[in-house]
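Each chain, written out:
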Amino acid sequence: MYTCYIIDDEPIAIEIISTYLQRLEGFSVQGAFTNPVKAFEALQQQPVDLIFLDIQMPGLTGLEFLRALPAKPAVILTTAYREFALEGFELDVLDYLLKPVPFERFLKAVGKFRAQAARADSPTLLPILASDVEAPHLFVRADRKNVKVLLDDILYLESLKDYVRIATPAGKITTKETIGHFEEILPGDRFLRVHRSFIVAKDKITAHSADGLEIGKTPIPVGRMYKMAVDKAVLGK
């Protein structure tokens, strides 16, 4: 099931795209926004696979929205203005739909997305690799490329439904993966599942209390079913 946001300041345009998606299998509209700033905030909390994005919106244009995104999902632009097409493609959008959008043209754009998604459906989480000259690392799929992540850099991992956010000193990386898959592949002597939504690097834990853990200044909850394992790993009891 591919997740989508529709971002357009015209409610009728949102309704048309939403209706088109309802006629297709495998797509779920997770949110529709007439305010691009609220959509931007939602994306930080809950990433999606595909965005239908209007260009001409008050306060923040679609192109400004794209430039500000730290990690871009697949994007299909929708607009009544043909002159923005070139700039949109320079921002690596998947397709460009002119309003009013005919259903057959919409299908063609969605077909491009399906083809891209099929190519990206190779494992997003590649096995941990190490050699005499390289530190242990893994590759995760993020922002439509494979990103190298050193195990030494991982502070913690947070589950966001169908995505996992990896926190490192340099920033956060969001990949479409399950936290259970990370639990299987990460070495148990270095990483610990402490909550249904969190895995932490043991050597990055800076504080531990009855309420949970801290990594630096970030509080991490500890689930009841994980508390015994956490106490043993952290306190040796």
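Reading guide: rules and limits
- Residues numbered from 1 in each chain as written.
- Predicted model: local features only at pLDDT ≥ 70, side-chain atom pairs only at ≥ 80, totals over all residues.
- Heavy atoms only, no water.
- Helix = DSSP H or I, 4+ residues; strand = E, 2+ residues; numbered from the N terminus.
- Polar contact = N/O pair within 3.5 Å; in protein donor to acceptor, adjacent residues only side chain to side chain.
- Contact = heavy atoms within 4.5 Å.
- 1 Å grid on protein atoms, 1.4 Å probe; cavity = no way out; pocket = protein on both sides within 12 Å on 5 of 7 lines; lining within 4 Å.
- Points joined across faces, edges and corners; volume = space filled by probe spheres on them.
- Nonpolar A, V, L, I, M, F, W, Y, C, P; charged D, E, K, R; others polar.
- Buried < 20%, exposed > 50% of the residue type's maximum accessible area, 1.4 Å probe, protein only.
- Pairing = 2+ DSSP bridges.
- Axes fitted to C-alpha atoms, helices over the stretch in contact; angles between N-to-C directions.
- Arc of directions from axis to C-beta.
- pLDDT = per-residue confidence, 0-100.

## Quick word on the side chain of Thr 168
Relative to the helices and strands, Thr 168 resides in strand S9 (residues 163-168). A polar contact is formed between the side chain of Thr 168 and the backbone oxygen of Gly 171, at a distance of 2.8 Å. When residues no more than four places from it in sequence are discounted, the contact partners of Thr 168 are Asp 153 and Leu 155.

## With respect to empty space enclosed by the protein
A probe matching the size of a water molecule, rolled over the atoms, marks out where space remains unfilled. If you walk through the whole model with that rule in mind, you get one cavity of 30 Å³ or more. Of the volumes computed, that of the largest cavity is approximately 40 Å³. Along the walls of the largest cavity sit His 208, Ser 209, Ala 210, Gly 212, Val 222, Lys 227, Val 230 and Asp 231, which together make up its complete lining. Mapped by element, the contributors of at least two residues to the lining of the largest cavity are strand S13 (207-209) and helix H7 (227-235). Taken together, the residues of the lining of the largest cavity sort by class into three nonpolar, three polar and two charged.

## Quick notes on the pairing of strand S11 (residues 191-195)
Across the five residues of S11, five count as buried, placing the element largely inside the fold. Where S11 meets strand S12 (residues 198-201), four bridges bridge the pair, whose relative direction is antiparallel. Residue Phe 191 lies in a different strand from S12, and its bridge partner there is Ala 201. Hairpin geometry of S11 and S12 is characterised by an intervening segment of two residues between the two adjacent antiparallel strands.

## A few points about the sheet that holds strand S2 (residues 27-33)
Spatially, the five strands line up as an open sheet ordered S2-S1-S3-S4-S5, and their pairing is parallel. Taken across any chain shown, the strands that pair with only one partner, and hence form the sheet edges, are S2 and strand S5 (95-98). Pairwise comparison of adjacent strand axes, ignoring direction, gives a mean angle of 20° for this sheet. Lying on the sheet, helix H2 (residues 36-45) is in contact with strand S1 (2-7), S2 and strand S3 (50-54); it crosses S1 at an angle near 155°.

## Brief notes about H2
An α-helical segment advances 3.6 residues per turn. Residues three or four places apart therefore align on the same side. All buried positions along H2 are accounted for by Pro 36, Ala 39, Ala 42 and Leu 43. Down the axis of H2, the smallest arc covering the buried residues is 115°, so these residues share one side. Across from the buried face of H2, at angles greater than 90 degrees, the exposed residues are Lys 38 and Gln 45. On the buried face of H2, the contacting elements are S1, S2, S3 and helix H3 (62-68). Where H2 begins, one side-chain oxygen reaches toward the backbone nitrogen of Val 37, 2.9 Å away; that side chain belongs to Asn 35.

## Quick look at the sheet that holds strand S8 (residues 156-160)
Spatial strand order, S10-S9-S8-S12-S11: five strands in an open sheet with antiparallel pairing. The sheet is open, and its two borders are formed by strand S10 (171-175) and S11, each paired with just one other strand. Taking each pair of neighbouring strands and ignoring which way they run, the sheet shows an average axis angle of 25°.

## As for the confidence of the model for the protein chain
A residue-level look at the protein chain finds 90% of positions with pLDDT of 70 or above and a mean pLDDT of 87. Across the protein chain, the element-wise mean pLDDT spans from 60 in helix H4 (residues 85-90) up to 96 in S12.

## Quick look at the environment of Asp 95
Of note, Asp 95 is situated in strand S5. By relative accessible area, Asp 95 is classed as buried at 2%. Sequence separation between Asp 95 and Ala 109 is 14 residues; the distance between their C-alpha atoms is 5.9 Å.

## Some points on the pairing of S10
Judged from the five bridges that link them, S9 and S10 form a sheet pairing that is antiparallel. Bridge assignment links Ala 167 to a residue of S10, and that residue is Lys 172. From the end of S9 to the start of S10, which pair antiparallel, there are two residues.

## With respect to unusual backbone geometry
Here the amide bond leading from Lys 99 into Pro 100 is cis, since omega sits at -10°, within 30 degrees of zero. Relative to the helices and strands, Pro 100 is located in the loop between S5 and helix H5 (103-119).

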